[in-house]
Amino acid sequence: DVKVTQSSRYLVKRTGEKVFLECVQDMDHENMFWYRQDPGLGLRLIYFSYDVKMKEKGDIPEGYSVSREKKERFSLILESASTNQTSMYLCASSLPGQGPNQPQHFGDGTRLSIL
Amino acid sequence: AQSVTQPDIHITVSEGASLELRCNYSYGATPYLFWYVQSPGQGLQLLLKYFSGDTLVQGIKGFEAEFKRSQSSFNLRKPSVHWSDAAEYFCALEGAGSYQLTFGKGTKLSVIP
């Protein structure tokens, strides 16, 4: 089974801090994704990466950056955390290509609170 | 632009009753369609997927979904709900030429014993 591991289940940080959320997958997947999930808004894509050192903006990239130095690891960075970034963050990975044969597999999420 | 609508924010059913969760999509061609389930405090688990061919697809945990092109719908069904099915359900669409999933806002399912 695919395993997508997010380093923290719960995280509390202060406004203005630089925050790192880490995600590791063990299935040699090329594609990795970061979403945020908010009540009533569903999941929204922040960034995705289809290869090492490659990244693409999703729907809501503002205030975030990402890093992918190794194939198995995809980091989400909040450059200067703000209270409106309090949310649940979900990481996902998939094989290259599209469609149902390459579904996205999700981690358990990191619930981030910015005080 | 592509979009997914789940008209029901919250549904409550009795254990043993049948279930149908609605999903409507907007896309210019036949999309790839998915249903995911999220238990409290957990990530998303893939229930089933549709690409082409048979419009009735079977998934895990006894769920099925039917693709209806004329209605732009992909409704999820289960003939008899179990208490462990209480969770939030998300319908998602992937368009041709894109890696990006577009999610609906989710339907929360409560099950009465």
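Let me sum up the structure you'll find in this document. As the structure is a prediction and not an experimental result, all values here were calculated from the model.

Reading the values: the criteria
Residues numbered from 1 in each chain as written. Chains lettered and ligands numbered in written order. Predicted model: local features only at pLDDT ≥ 70, side-chain atom pairs only at ≥ 80, totals over all residues. Heavy atoms only, no water. Contact = heavy atoms within 4.5 Å. Buried area = accessible area lost by both parts, 1.4 Å probe. Polar contact = N/O pair within 3.5 Å; in protein donor to acceptor, adjacent residues only side chain to side chain. Nonpolar A, V, L, I, M, F, W, Y, C, P; charged D, E, K, R; others polar. Phe/Tyr/Trp six-rings, centres within 6.5 Å; stacked < 30°, edge-to-face > 60°. Helix = DSSP H or I, 4+ residues; strand = E, 2+ residues; numbered from the N terminus. Buried < 20%, exposed > 50% of the residue type's maximum accessible area, 1.4 Å probe, protein only. Pairing = 2+ DSSP bridges. Axes fitted to C-alpha atoms, helices over the stretch in contact; angles between N-to-C directions.

## Some thoughts on the interface of chain B and chain A
Logical step 1: Facing 25 residues of chain B, the contacting portion of chain A comprises 23 residues.
Logical step 2: Summed over both sides, the interface between chain B and chain A buries roughly 1,900 Å², with carbon and sulfur atoms accounting for 56% of that surface.
Logical step 3: Here chain B and chain A share four residue pairs in polar contact (both at pLDDT 80 or more) between them.
Logical step 4: When grouped by side-chain class, the residues that make up the side of chain B that touches chain A number twelve nonpolar, nine polar and four charged.

## A word on the packing of aromatic side chains
Logical step 1: Per the counting criterion, the structure on display carries 15 aromatic pairs over all chains.
Logical step 2: Between the aromatic rings of Y25(B) and F67(B), the centroid separation amounts to 6.1 Å while the plane-to-plane angle is 20°, which identifies the pairing as stacked. Highlighted residues: Y25(B) in strand β4 (residues 24-26) and F67(B) in strand β8 (residues 64-68), separated in sequence by 42 residues. Comparing Y25(B) with F67(B), the two get one shared label, buried.
Logical step 3: One aromatic cluster in this structure is built from F33(A), Y35(A), F48(A), F106(A), F34(B), Y36(B), F90(B) and F103(B).

## Concerning the sheet that holds strand β3 (residues 19-25) of chain A
Residue and element names in this part refer to chain A.
Logical step 1: Taking strand neighbours across the sheet as the criterion, the four strands line up as β1-β3-β8-β7 in an open arrangement whose pairing is antiparallel. Each edge of the open sheet is held by one strand with a lone partner, namely β1 (4-6) and β7 (64-70). Averaged over all neighbouring strand pairs, the angle between strand axes comes to 20°, with direction disregarded.
Logical step 2: Judged from the six bridges that link them, β3 and strand β8 (residues 73-78) form a sheet pairing that is antiparallel. Directly across from V24, in β8, lies its bridge partner R73.

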